[in-house]
Amino acid sequence: MIKNYVSPEEADKSTLHIWGRHPLKGNVKISGAKNAALVVMAAALLSPEDCRIRNVPILADVTRMGQILAALGVKIEQREDILDINASNISKSEAPYELVSQLRASFFAIGPLLARLGEARVPLPGGCAIGARPVDLHVRGLQAMGADVQIQHGMVNACVTGASRRLKGAKIYLDYPSVGATETLMMAATLAEGETTIENAAQEPEVVDLANFCRAMGARIVGAGTKKIVISGVRHLHSADYSIIPDRIEAGTFLVVGALPGSDVSISPVIPDHLTAVLSKLEAIGASITIEEGDRIRIVAGETIKATDIETLPYPGFPTDMQAQFMALLTISNGDSVITETVFENRMRHVSELNRMGADIRVKGNHALVRGVPLLSGAPVVATDLRASAALVIAGLAAQGQTTIQELQHLDRGYEKLDYKLQQIGARLQRVPAETKQESLVAGCELTIK
Ligand code: UD1
């Protein structure tokens, strides 16, 4: 049975109150990577034997992925950050629409289902807050591997014909290094007949983590983490016991928190190599960074925040999942910064909310011009997507006065115990259920830790 830290229903109704401009100092423990955990959970469908996945963050998205696996007939149990998955009896090849529509990552189940059963029916994930996010690259790759894929009435129906019902190895070139498509095709290829090559593959650390998990189950994969991945199909994958990498986006978010004036924050465990682009921008902004003991990073904020330009790119470029948080930080820099979003087409929805807090940001197409202001002022704001909500938290921590953030279900999709972790380093914030009266809050004092 999977439980969340805060259920989506609870989160929906509560607001996060932040009293800004308190010095943030101390250590933060970084959880396992959400995006790696989600795809590794889907990959556990490839094996009929027991899989144990460790260091899984306790998040609403992980709960949803667990529900999807359970709906397919998979046995799944969670104890703290350990998930035990047994997919020996997959009773269905169709993922339920209500669940897939809530979690785009669940579309990735199509690859393992097709590889294991020779058929899969998965609803199109549909649009989402940060852009259209099509799945054409996933579909074209599966077709190249011999699958018959039809999209009808919002459902992707895929099957492999022939006596063996096995996908066939293929040479695939991705027009764009899509993380999801690389993962779907890599999983599908593990059980295919012959060799599959994915050219222009995504090089994100989560792709490497997935490859390592598949290898732990007996898959033959080389090149993950480079632009060319080669997978030699095997007939059977066995059990595995695997630990997820630390979340580089959660780590990056806390590093941005540590770059706020007066802060001195250490984060661990992390893999500093996964954060190269983020650390380079934090140094450009004027923060001082020290890598301690291999898996710990300390950030000490500079006297001022220097303006800098940022362009999001596939890994190892600057991550789109860190764009909103850096924008929040640069609102109080001492100059003008241009932020260019190249990965998703609608990922600037935090701008209007940041401007409500006194920021000076103008958007033209996929560029945002951020003119630094001396101070943000607390305001009621609404979170629109996961990383946008993190940006509003950062702005709230920097702002004078009280900020209240609504629609916390976005935040809880991807940050484990964010309120608690921030309180541990001295932030003044409180999650308040809808019915609580404003007067009963004591600004900045006697805060309850949830
Ligand atoms: C994953 C991450 C997400 C991150 C993103 C980019 C998960 C669960 N989510 O999302 O947090 O922001 O990588 O680092 O791992 N595209 C197509 N056709 C396709 C697939 C993608 O055109 O078939 C486009 C998308 O619309 C987008 C771009 O490619 O513009 C990047 O998407 P992709 O790398 O696939 O991101 P996701 O896997 O969805």
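Residues numbered from 1 in each chain as written. Predicted model: local features only at pLDDT ≥ 70, side-chain atom pairs only at ≥ 80, totals over all residues. Heavy atoms only, no water.

Trainee: Could you clarify how one ought to interpret the overall build of the chain in this entry?
Mentor: Secondary structure assignment for the chain yields 15 helices and 23 strands. Over its C-alpha atoms the chain spans a radius of gyration of 22 Å, differing by no more than 12% from the 22 Å that the globule rule assigns to 450 residues. The principal-axis extents of the C-alpha atoms in the chain amount to approximately 70 × 45 × 40 Å. Going through the 450 residues of the chain one by one, you find that 58% of them count as buried. In the chain, the share of contacts with a sequence separation of at least 24, taken over all contacts with a separation of at least 6, comes to 75%. In the chain, the 45 positive side-chain charges and the 49 negative ones have mean positions that sit 2 Å from each other. (Helix = DSSP H or I, 4+ residues; strand = E, 2+ residues; numbered from the N terminus. Rg over C-alpha atoms; globule rule 2.2 N^0.38 Å. Buried < 20%, exposed > 50% of the residue type's maximum accessible area, 1.4 Å probe, protein only. Contact = heavy atoms within 4.5 Å. Lys, Arg positive; Asp, Glu negative; His and termini not counted. Charge placed at Lys NZ, Arg CZ, Asp CG, Glu CD.)

Trainee: How should the sheet that holds strand S22 (residues 402-406) be read in this particular structure?
Mentor: The strands making up a sheet associate through backbone hydrogen bonding, with each pair oriented either parallel or antiparallel. Taken in spatial order, the four strands line up as S21-S22-S1-S23 in an open sheet, and their pairing is mixed. Pairing within the sheet leaves two strands with one partner each, and these edge strands are strand S21 (380-382) and strand S23 (428-432). Each strand axis lies, on average, 20° off the axis of its neighbour in the sheet, ignoring direction. The pairing of S21 with S22 spans three bridges and is classified as parallel. Of the residues in S22, the one forming a bridge with valine 382 is glutamine 406. Along the sheet, helix H13 (residues 386-398) contacts strand S1 (15-19), S21 and S22; its crossing angle with S1, the most-contacted strand, is approximately 30°. (Pairing = 2+ DSSP bridges. Axes fitted to C-alpha atoms, helices over the stretch in contact; angles between N-to-C directions.)

Trainee: Looking at this model, I keep getting lost on the packing of aromatic side chains. Mind explaining?
Mentor: Working definition: an aromatic ring pair is given by the centre-to-centre distance plus the angle between the planes. With the rule as written, the count across this model stands at two aromatic pairs. Consider the rings of phenylalanine 318 and phenylalanine 326, whose centres lie 5.1 Å apart with planes at 85°: the pair is edge-to-face. Of the two residues examined, phenylalanine 318 and phenylalanine 326, each falls in the buried class. (Phe/Tyr/Trp six-rings, centres within 6.5 Å; stacked < 30°, edge-to-face > 60°.)

Trainee: Would you explain the site of the ligand in this entry?
Mentor: Surveying the vicinity of the ligand reveals 19 residues, the closest of which are Asp136, Leu137, Ser178, Asp321 and Val343. Aspartate 321 places a polar side-chain atom, nitrogen or oxygen, 2.6 Å from an oxygen atom of the ligand. Starting from 740 Å² of accessible surface for the ligand in isolation, the protein chains cover 87%. For the shell around the ligand, the secondary structure elements donating two or more residues are helix H6 (136-144) and helix H7 (179-190). A total of three residues in the shell around the ligand trace back to one element, the largest contributor, which is H6. Of the residues belonging to the shell around the ligand, the class tally is nine nonpolar, five polar and five charged. (Near = heavy atom within 4 Å. Polar contact = N/O pair within 3.5 Å; in protein donor to acceptor, adjacent residues only side chain to side chain. Areas by Shrake-Rupley, 256 points an atom, 1.4 Å probe, with all protein chains shown as cover. Nonpolar A, V, L, I, M, F, W, Y, C, P; charged D, E, K, R; others polar.)

Trainee: Help me out: how do you make sense of the sheet that holds strand S4 (residues 75-79) in this one?
Mentor: Pairing within the open sheet is mixed, and its four strands lie in the order S4-S5-S3-S13. Of all the strands in the sheet, just S4 and strand S13 (240-243) have a single pairing partner and so form its edges. Averaged over all pairs of adjacent strands, the angle between their axes in this sheet comes to 15°, without regard to strand direction. Bridge analysis of strand S3 (residues 50-54) against S13 gives four bridges, and the strand direction is parallel.

Trainee: What's the story with H6 in this structure? I'm lost.
Mentor: Along an α-helix, residues three or four apart share an orientation, since each turn contains 3.6 residues. Listing the buried residues of H6 in full gives Leu137, His138, Val139, Gly141 and Leu142. Against helix H5 (110-117), strand S7 (148-152), strand S9 (171-173) and H7 lie the buried residues of H6. Just downstream of H6 lies glycine 146, where phi reads positive at about 95°.

Trainee: Teacher, can you tell me more about the packing of H5 against H7 here?
Mentor: A pair of packed helices is characterised by two quantities: the angle between their axes and the separation of those axes. Interhelical geometry of H5 versus H7 gives an angle of 15° and a closest axis separation of 7 Å. The angle between H5 and H7 falls in the class roughly parallel. Our pair here, H5 against H7, has a crossing hand that is right-handed. Contact residues: H5 offers Ile110, Gly111, Pro112 and Ala115, while H7 offers Thr184, Met187 and Ala188. Counted by class, the contact of H5 with H7 contains five nonpolar, two polar and no charged residues. (Parallel < 35°, antiparallel > 145°, perpendicular 65-115°, else oblique. Left-handed = near helix turned anticlockwise from the far one by under 90°.)

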